[in-house]
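A closer look at the structure
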Amino acid sequence: MSNQIILRVVAKLFIPFVLLFALYVQFHGDYGPGGGFQAGVIFASGFVLYALVWGIEEARKVAHPNVIQFCVALGVLLYAGTGVAGMLLGGNFLDYNVLQHDPVHGQHLGILLVELGVGITVAAVMVSTFYCFAGRGRR
Amino acid sequence: MVEVFDIALLGFMAVLAVAIARLRNLFAIVVMSGFYSLMSASMFVILDAVDVAFTEAAVGGVATVIMLGTLLLTTKEEKKIERWSPWPLIAVVATGGLLVYGTLDMPRYGDPNAPIHKHVAPRYIEDSPNEVGVPNMVTSVLASYRGYDTLGETTVIFTAGIGLLLLLGSAFRTRPGEGGSS
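One structure accompanies this document, and this report is about it. Predicted, not measured: the structure shown is a model, and the values here were computed from it.

Rules used in this analysis
Residues numbered from 1 in each chain as written. Chains lettered and ligands numbered in written order. Predicted model: local features only at pLDDT ≥ 70, side-chain atom pairs only at ≥ 80, totals over all residues. Helix = DSSP H or I, 4+ residues; strand = E, 2+ residues; numbered from the N terminus. Rg over C-alpha atoms; globule rule 2.2 N^0.38 Å. Buried ≥ 20, exposed ≤ 12 C-beta atoms within 10 Å, placed from the backbone. Contact = placed C-beta atoms within 7 Å. Expected span 1.5 Å × (residues − 1). Bend = angle between axes of the 7 residues up to and from the residue. Core = buried A, V, L, I, M, F, W, Y, C linked by C-beta atoms within 7 Å. Nonpolar A, V, L, I, M, F, W, Y, C, P; charged D, E, K, R; others polar. Axes fitted to C-alpha atoms, helices over the stretch in contact; angles between N-to-C directions. Parallel < 35°, antiparallel > 145°, perpendicular 65-115°, else oblique. Left-handed = near helix turned anticlockwise from the far one by under 90°.

**Quick word on the overall build of chain B**
Looking only at helices and strands, chain B features eight helices and zero strands. Each helix and strand of chain B, ordered N terminal to C terminal, gives the series α-α-α-α-α-α-α-α. In terms of overall dimensions, chain B is more spread out than a globule: its C-alpha atoms have a radius of gyration of 21 Å, far above the 16 Å expected for 182 residues. Seen through its principal axes, chain B has C-alpha atoms that stretch 60 × 45 × 30 Å. Across the 182 residues that make up chain B, the buried fraction comes to 17%. Intrachain contacts of chain B at a sequence separation of at least 6 include 39% that bridge at least 24 residues.

**A closer look at helix 8 (residues 147–173) of chain B**
Residues separated by three or four positions in an α-helix point in the same direction, a consequence of the helix having 3.6 residues per turn. With 27 residues, helix 8 of chain B extends just 34 Å between its outermost C-alpha atoms, more than 12% less than the 39 Å of an ideal straight helix rising 1.5 Å per residue. In helix 8 of chain B, a bend of some 75 degrees at Leu167 of chain B exceeds every other bend along the element. Along helix 8 of chain B, the positions that sit buried rather than exposed are Gly147, Thr150, Leu151, Thr154, Ile157, Phe158, Gly161, Leu165, Ala171 and Phe172 of chain B. As for helix 8 of chain B, its buried residues are in contact with helix 4 (65–88) and helix 5 (103–134) of chain A together with helix 7 (137–145) of chain B.

**A closer look at the nonpolar core**
Counting residues in hydrophobic clusters, the biggest one holds 58 residues, and the most contacted among them are Ala51 and Val127 of chain A. Looking at this core, the elements with two or more residues in it are helix 1 (5–27), helix 2 (36–54), helix 3 (56–62), helix 4 and helix 5 of chain A together with helix 3 (50–71), helix 7 and helix 8 of chain B. Here this core takes 16 residues from helix 5 of chain A, the largest share from any one element. With residues up to four places along the chain from it excluded, the contact list for Ala51 of chain A reads Ile56, Ala59, Phe130 and Ala134 of chain A.

**Quick notes on the interface of chain A and chain B**
With 50 residues of chain A at the interface, the matching set in chain B holds 43 residues. Mapped by element, the contributors of at least two residues to the side of chain A that touches chain B are helix 2, helix 4 and helix 5 of chain A. Partitioning the side of chain A that touches chain B into residue classes produces 27 nonpolar, 17 polar and six charged.

**Concerning helix 4 (residues 87–103) of chain B**
Given a rise of 1.5 Å per residue, 17 residues ought to cover 24 Å, and the 24 Å separating the end C-alpha atoms of helix 4 of chain B matches this to within 8%. Counting buried positions over the 17 residues of helix 4 of chain B gives zero, only a small fraction of the element.

**Here's the deal with the packing of helix 2 of chain A against helix 3 of chain B**
Two elements in contact, helix 2 of chain A and helix 3 of chain B, have axes whose closest approach is 9 Å; the angle formed by their N-to-C orientations is 30 degrees. Classified by the angle between their axes, helix 2 of chain A and helix 3 of chain B sit roughly parallel to one another. Considering how the two elements wind past one another, helix 2 of chain A and helix 3 of chain B form a crossing that is left-handed. Across the interface between the two elements, Phe37, Gln38, Val41, Ile42, Ala44, Ser45 and Val48 of chain A from helix 2 of chain A touch Phe54, Thr55, Ala58, Val59, Gly61, Val62 and Val65 of chain B from helix 3 of chain B.

Structure below.
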């Protein structure tokens, strides 16, 4: 599809906003609808759009499979790591109250980190799913 | 007024489901299931579950694209059914009937005296603003009170991704047509 100029121009205009909207959903999830799951999928859909228009090879240059594979694990580790950090600071597993001096601030930080972990894993799994299926080509 | 939307949406979903079951063209089926996902997202909006609706809309959209990508690897048409058998229909109707029968005992939708609204929900609603201080209570329940569950869900997604990479990992790394030996 890379020779279709309208698609290319529209996609080029669209992708930054898709990614920005994903970040908004990610970090505004405390205040409105949204959170890591939704943000991860929207972020991944930006990459999917890129891969659809410019081809999967170009997309692989932007988001290298090694990076994606690393991020699949990174998100879960960030989530569980936040839980372990709570344990090391003297609380229970996934107890965010002890992360900062003020329990409410600790909750905010914990939720932010945990949602970020969810977002990273979901986005990476979605992109790798797309790579897996779209990368097989016609046999 | 809301009931009209409920009936219209559910009717639409039923029509779509029957159409998906009857169609043989895989492209049409994938697009129709995208519509189905949009309908269920609208349904969740009517039920005031905006976070769930958001997830359904986002995942449904990406899933449709991934299914379309998968279509490239397979045929355009589903196989013709050689012999008509009543058993699948009977199984579906029986299961559906059992599920509807199961809902008869459930409390009315939105009933404030339903057991689910008497258990931990009042505690969350009363204490979440002071304890967690996050305006969106869905987030405070999801990420803080029910942090274990969400960790489990994330692990499920992680496991699905790892399984996919193990099964189709060669396509993940190599170019199309290069073969899957690396």
